[in-house]
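Residues per chain, in single letters:
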Amino acid sequence: MRITSTSCICPVLVCLCFVQRCYGTAHHGSIKVTRNQTKHIEGETEVHHRPKRGWVWNQFFVLEEHLGPDPQYVGKLHSNSDKGDGSVKYILTGEGAGTIFIIDDTTGDIHSTKSLDREKKTHYVLHAQAIDRRTNKPLEPESEFIIKVQDINDNAPKFTDGPYIVTVPEMSDMGVIRTALHNMDREAREHYSVVIQAKDMAGQVGGLSGSTTVNITLTDVNDNPPRFPQKHYQLYVPELAQVGSAVGKIKANDADTGSNADMKYTIINGDGSGVFSISTDKETREGIISLRKPLNYEKKKSYTLNIEGANTHLDFRFSHLGPFKDVTMLKIIVGDVDEPPLFTLPSYVMEVYENAKIGTVVGTVTAQDPDSANNLVRYFIDHNREEDMYFTIDVNTGTIKTAKVFDREQTPVYNITVTASEIESPGLLSQVPVGIKILDVNDNPPELAEDYDVVVCENAKPSQIIQTITATDKDDFANGQRFHFSLDHSLSLNPNFTLKDNDDNTASILTRRRRFSRATQDVYYLPIVISDGGIPSLSSSVTLVIRVCACERDGRVRTCHAEAFLSSAGLSTGALIAILLCVIILLAIVVLFITLRRSKKEPLIISEEDVRENVVTYDDEGGGEEDTEAFDITALRNPSAAEELKYRRDVRPEVKSTPKHPTSSSLDSIDVQEFIKQRLAEADLDPSVPPYDSLQTYAYEGQRSEAGSISSLDSAATQSDQDYNYLGDWGPEFKKLAELYGEIESERTT
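Described in the following lines is the structure provided in the data block. Only a predicted model underlies this, so the values are computations on that prediction, with no experimental measurement involved.

1. As for the overall build of the chain
Inference 1: Along the backbone of the chain there are 5 helices and 36 strands.
Inference 2: In the chain, buried positions account for 30% of the 750 residues.
Inference 3: The long-range share in the chain, meaning contacts at least 24 apart out of those at least 6 apart in sequence, stands at 66%.
Inference 4: Accessible surface computed for the chain: about 49,100 Å², of which carbon and sulfur atoms make up 53%.

Right, dumping it as structure tokens:
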């Protein structure tokens, strides 16, 4: 097959085709390029193989963006088998076949029906085949060829990211886009727009071009110092301005922006530097002037301040432009205001004795008009609180007096508020706090610090301290409280206890004798007189209650209840009464039992209906079987008493057993011994009775006591040689005995 192209074959291909025709094989009259040809490296011979088909191939080229009305001619397919008689049919398949590319099946001409875009697709791969029109059999194998789209200059250069925004520091002299002017000033002009054009084909005629815009913004540098618009300022401040409040503002202008315009304001000198202060507002870049001390028009009417504003972020590249700070002068004029009265002191402290009479002078407050008019001042107390009701004040002099009688022990301090106002301007008020301290007067006698529970042990020794007491006083003593303790001298000498003043505001209670007995007396009363060191001295009388208790050998209290144990001398009154009542009840029961027994001669059984194995114990001897008075033998011989089985009333039987009764013929001849054995066997087999024995447990004292005899008969002669200390080792049962004999031994030694 041969390919021809009238318009798109490049000269190089034409030359190659011409050479191929001149040096081709003899049986073909056209160029034949087959895929079986092989190229070898230089120096080797070229081997030609017989081709399987006779295609003439070249690449097809088609121009993009064809806008003509007719289809664009691409090329021609031709087979060596085609004799021109129309018997060969050409078929085209592959990319775009039938839609973009069409072929004349008789002549083999290929046309492009659509406008192509090389930027979208650069080439197309197609397949060509020649078949016999009559038999539809292929004359040659199918072959592949390529149609390439040739580029034309149909796209102008384009800036993909435009327009561009560029920031350039002012005063810059370098960059890809270079500044054309020296020292460009942002404050003069901040934004610039530059149009950049790009041309293809190196700018030759016929080339295309594209353009974009670059927006250039000059960034700020600190090249402008701050400047105050004026060199002199004036500010009016009333004398009643509150300390700490802002009284004015001042601002220096800076042409720079951002941190380059940040500045700090300071007061560098002036007679008002100690009265006023200045701070910087970072948001507005203003200087805030505040009042540090109160103003007084009558003392000073104006102040002068020199204020400096300086940049905080300096750029030393531009230090030659001058100092980046500026100074201005501010004159502050104090305005005269009608002020309220002014007290001579910010607060007052006064004193008055308690129990003082109503109308007693406490003190005086003083206030005056600070203005030049010096108007008269009136005083009053606002009686809104309860504390204010205790005092009155003279409206003209400011003298404070008592209105009630005070008690320091209830309220030691009073806080009131005194108000002063001018007669000409009653609306102008000023107040001052007054603290009034109530001084103490010795009007409260001393008393015990607490309710003491005083205990004395039965085995206490003479001069033994049993309690230490102290006192308290509601009055206040500047040099400390001083108490004196003593016994009531109006009473007779106490034989049991005494008191010792320790000279440290405490006193000790001591015993006068040894051995106290709760059985004899379990409570003692000791009157005590307590006096203070005030002027005049006050005293009070109190009575201590001293209880007698049983204690351990180390002094620990064991018990203080008299009815809980037996003392060495006998029983307490309560215990004796209880024992006597028990004895009387027992005697009454015995008498009643004996009376009933004598009046009713009946067998000692619980009931005739419950005669089952009742064993009656008695300790009087009978007269044998013939004696029917002591024991009723019919209870054993009477068959009617044993006709039915009686269950115990205190045990609920679980299983009922059928009682076995003897026949009537054998009842007369039954033996008592056999009858008892029979009943005993039935009782052992009866499940309704308890399966255990009822035992009575008695205390067993043993064969002998390890302590031996404690009788006083054997130790009467050798009592002085006996040592009773071993009694304390016998346990708690012998504690009382050890205490008794231990006391006797201690008496002998003393």
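There is more to say after this.
2. A word on the pattern of salt bridges
Inference 1: Tallied over the full model, the rule gives 15 salt bridges.
Inference 2: Note that D440 is salt-bridged to R408, the shortest N-O span being 3.0 Å. You can see D440 sitting in the loop between β27 (429-439) and β28 (447-448) and its partner R408 sitting in the loop between β25 (399-402) and β26 (413-422), a full 32 residues away along the chain.
Inference 3: Residue class for D440 comes out buried when judged on its relative accessible area of 18%.
Inference 4: By relative accessible area, which is 14% here, R408 ends up buried.
Inference 5: Three or more residues joined by partner-sharing salt bridges are found here, namely R408, E409 and D440.

3. Remarks on the sheet that holds strand β16 (residues 286-291)
Inference 1: As summarised here, the arrangement of the 3 strands in space is β13-β16-β15, forming an open sheet in which the pairing is antiparallel. Lying at the two open borders of the sheet, with one neighbouring strand each, are β13 (246-250) and β15 (276-281). If you compare each strand with its neighbour and ignore which way they point, the axes differ by 30 degrees on average.
Inference 2: Sheet topology places β13 next to β16; 4 bridges connect them, and they run antiparallel. Bridge pairing links A246 to S290 in β16.

4. A look at unusual backbone geometry
Inference 1: Positive phi outside glycine occurs at E65, with the angle close to 55 degrees.
Inference 2: Phi is positive for D503, close to 60 degrees, though the residue is something other than glycine.
Inference 3: Relative to the assigned elements, D503 resides in the loop between β32 (497-501) and β33 (506-511).

5. A few points about the side chain of D501
Inference 1: When you line up the elements, D501 lands in strand β32.
Inference 2: Although D501 is buried, it makes no salt bridge; R482 carries the closest opposite charge, 4.7 Å away.
Inference 3: Here H484 takes part through its side chain, which lies 2.9 Å from a polar atom of the side chain of D501.
Inference 4: Looking at D501, its side chain comes within polar contact range of the main-chain nitrogen of F485, at 3.0 Å.
Inference 5: Non-local contacts of D501, meaning those with residues more than four positions away in its chain, are made with F483, H484, F485, T506 and A507.

Basis of the calculations
Counting restarts for each chain: residues are numbered from 1 in the order of the written sequence. Residues qualify for local features only when their pLDDT is at least 70, as the model is predicted, and side-chain atom pairs are given and counted only at 80 or more; totals for whole chains, interfaces and linings, by contrast, use all residues. Note that water and hydrogens are dropped before the side-chain values are worked out from all heavy atoms of the structure. Each helix is a run of DSSP H or I of at least 4 residues and each strand a run of E of at least 2, with the numbering of both proceeding from the N terminus. Burial status follows relative accessibility: with a 1.4 Å probe on protein chains alone, a residue under 20% of its type maximum counts as buried, one over 50% as exposed, and anything between as partly exposed. Any pair of residues with heavy atoms lying within 4.5 Å of one another is described as a contacting pair. Calculation of accessible area relied on Shrake-Rupley with a 1.4 Å probe; when residues are assessed, cover is drawn exclusively from the protein chains displayed. For salt bridges, the criterion is a side-chain nitrogen of Lys or Arg within 4 Å of an Asp or Glu carboxyl oxygen. When DSSP locates at least two bridges between a pair of strands, those strands are taken to pair. Axis angles are defined between N-to-C directions and span 0 to 180 degrees, where every axis is a line fitted to C-alpha atoms and, for a helix, only to the segment in contact. A residue counts as positive if it is Lys or Arg and as negative if it is Asp or Glu; His and the chain ends are not included. What qualifies as a polar contact is a pair of N or O atoms within 3.5 Å, subject to a donor-acceptor requirement within protein and to the restriction that residues adjacent in sequence count only when both atoms come from side chains.

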